[in-house]
Amino acid sequence: MVVVFFGPPGSGKGTQVQNITLDPSYACISTGNMLRAEIASGSKLGNKLKTIMGEGNLVSDEIILEVFESALEQCGDKKIILDGVPRTLAQAKSVDEVLERHHMKVDSAIEFKLDDDILLQRILGRYSCKDCGATYHKTFSPTKEEGICDFCGSKNLRIREDDQEEVLKKRLDLYYLETLPILGYYRDKGVLHTVDAALSPHAVSDLIESILKRSQ
């Protein structure tokens, strides 16, 4: 089973991915985390990506798809959540081609829908663990123990460079311009579902669980 999560930055996708992947039968392909790991490595590609992502721009389809297929091959027979790919209609079609080569398909696409003003409030208080990628919010979802990641115990917590208001607004503009057309693509395939991301994380989790059960 392959499920795609869609939503602008701050809509809660990361929180839901963390909850779902506590079940070992699920794996998440999050190109964002993979690209940030490349940046942390200090490689030539990582330095290039740091500039691109720090300015709120999208990474090229070629790089995204290369990272995607490599990750897909490591998932084995697990159920897969895609978070961060595809981001454009062209990517969506290319992802379908990659999945077809692996005898797979997108079974559900879930849109996290949320107003921009709430998104800004959520993002500007967000921070994450640099070691495992877990995400938190200083108001809505802080770590249980201040300064320590709940998942891996790391003290290496940070605010992402692209979580700044000016960069965020640019990312939202790109999302609406390039990502929203993909929703029509999956709607035409009959696999699109929309959840109200303004609900509590628990309520959103219940909605997603129901969708996943129907998709299996």
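How each quantity is defined
- Residues numbered from 1 in each chain as written.
- Predicted model: local features only at pLDDT ≥ 70, side-chain atom pairs only at ≥ 80, totals over all residues.
- Heavy atoms only, no water.
- Helix = DSSP H or I, 4+ residues; strand = E, 2+ residues; numbered from the N terminus.
- Buried < 20%, exposed > 50% of the residue type's maximum accessible area, 1.4 Å probe, protein only.
- Contact = heavy atoms within 4.5 Å.
- pLDDT = per-residue confidence, 0-100.
- Patch = residues over 30% accessible without salt bridge, like charges linked within 9 Å, V, L, I, M, F, W, Y side chains within 5 Å.
- Areas by Shrake-Rupley, 256 points an atom, 1.4 Å probe, with all protein chains shown as cover.
- Salt bridge = Lys/Arg side-chain N within 4 Å of Asp/Glu carboxyl O.
- Lys, Arg positive; Asp, Glu negative; His and termini not counted.
- Charge placed at Lys NZ, Arg CZ, Asp CG, Glu CD.
- Phe/Tyr/Trp six-rings, centres within 6.5 Å; stacked < 30°, edge-to-face > 60°.
- Axes fitted to C-alpha atoms, helices over the stretch in contact; angles between N-to-C directions.
- Parallel < 35°, antiparallel > 145°, perpendicular 65-115°, else oblique.
- Left-handed = near helix turned anticlockwise from the far one by under 90°.
- Nonpolar A, V, L, I, M, F, W, Y, C, P; charged D, E, K, R; others polar.
- Core = buried A, V, L, I, M, F, W, Y, C linked by side-chain atoms within 4.5 Å.

*Asks:* How should I be thinking about the side chain of S128 in this particular structure?
*Replies:* Here S128 shows up in strand β5 (residues 126-129). Its relative accessible area of 5% is what places S128 among the buried residues. With near-sequence residues (within four places) excluded, S128 lies in contact with A134, T135, N156, L157, R158 and R160.

*Asks:* For this particular structure, what's the right way to read the confidence of the model for the chain?
*Replies:* If pLDDT is low for a region, its predicted coordinates should not be looked at in detail. Confidence along the chain averages 88 in pLDDT terms, with 99% of residues attaining 70 or more. For the chain, the element scoring lowest by mean pLDDT is helix α2 (residues 31-41), at 79; strand β8 (residues 192-196) scores highest, at 96.

*Asks:* I'm lost on a negative patch on the surface in this one. Help?
*Replies:* On the surface, a cluster of negative charge is contributed by D115, D116, D117, D173 and D196. Within the secondary structure layout, D115 lies in the loop between β4 (108-113) and α6 (116-123). With relative accessibility at 52%, the residue D115 sits in the exposed group.

*Asks:* Honestly, the packing of aromatic side chains in this entry has me stumped. Any pointers?
*Replies:* The geometry of an aromatic ring pair is captured by two quantities: the separation of the ring centres and the angle between the planes. Summed over the entire model, instances satisfying the criterion amount to five aromatic pairs. For the pair Y175 and Y176, a centre-to-centre distance of 5.5 Å together with 70° between the ring planes defines the contact as edge-to-face. Since its relative accessible area comes to 7%, Y175 is described here as buried. What makes Y176 partly exposed here is its relative accessible area of 31%. Centroid distance Y185 to Y186: 5.2 Å. Interplanar angle 70°. Geometry classified as edge-to-face. Owing to a relative accessible area of 18%, Y185 belongs among the buried residues under this scheme. Assessed through its relative accessible area of 0%, Y186 is described here as buried. What links up through ring pairs into an aromatic cluster is the set F6, Y185 and Y186.

*Asks:* Any chance you could explain the packing of helix α4 (residues 61-72) against helix α5 (residues 89-101) here in plain terms?
*Replies:* When two helices pack together, their arrangement is given by the angle between their axes and by how far apart the axes lie. Contact pair α4 / α5: the axes reach a minimum separation of 11 Å and the direction vectors enclose 30°. Here α4 lies roughly parallel to α5, going by the angle between them. Crossing of α4 against α5: the hand is right-handed. Touching D61, I64, L65, F68, E69 and L72 of α4 are A90, Q91, S94, V95, V98, L99 and R101, all from α5. Broken down by class, the residue content of the contact of α4 with α5 amounts to eight nonpolar, two polar and three charged.

*Asks:* What exactly am I supposed to notice about the nonpolar core here?
*Replies:* Most often, soluble globular proteins keep nonpolar side chains buried together rather than apart. Counting residues in hydrophobic clusters, the biggest one holds 34 residues, and the most contacted among them are F6, I29, V59, F68, L82 and Y186. For this core, the secondary structure elements donating two or more residues are β1 (2-6), β2 (26-30), α2, α3 (44-54), α4, β3 (79-83), α5 and α7 (165-188). Examining the composition of this core, we find that six residues originate from one element, α4, more than from any other. The contact partners of F6, leaving out residues within four places of it in the chain, are K13, P86, A109, I110, E111, F112, Y175, T179, I182, L183 and Y186. Listed in part, the 20 residues of the second largest apolar core include F5, I20, L119 and I123.

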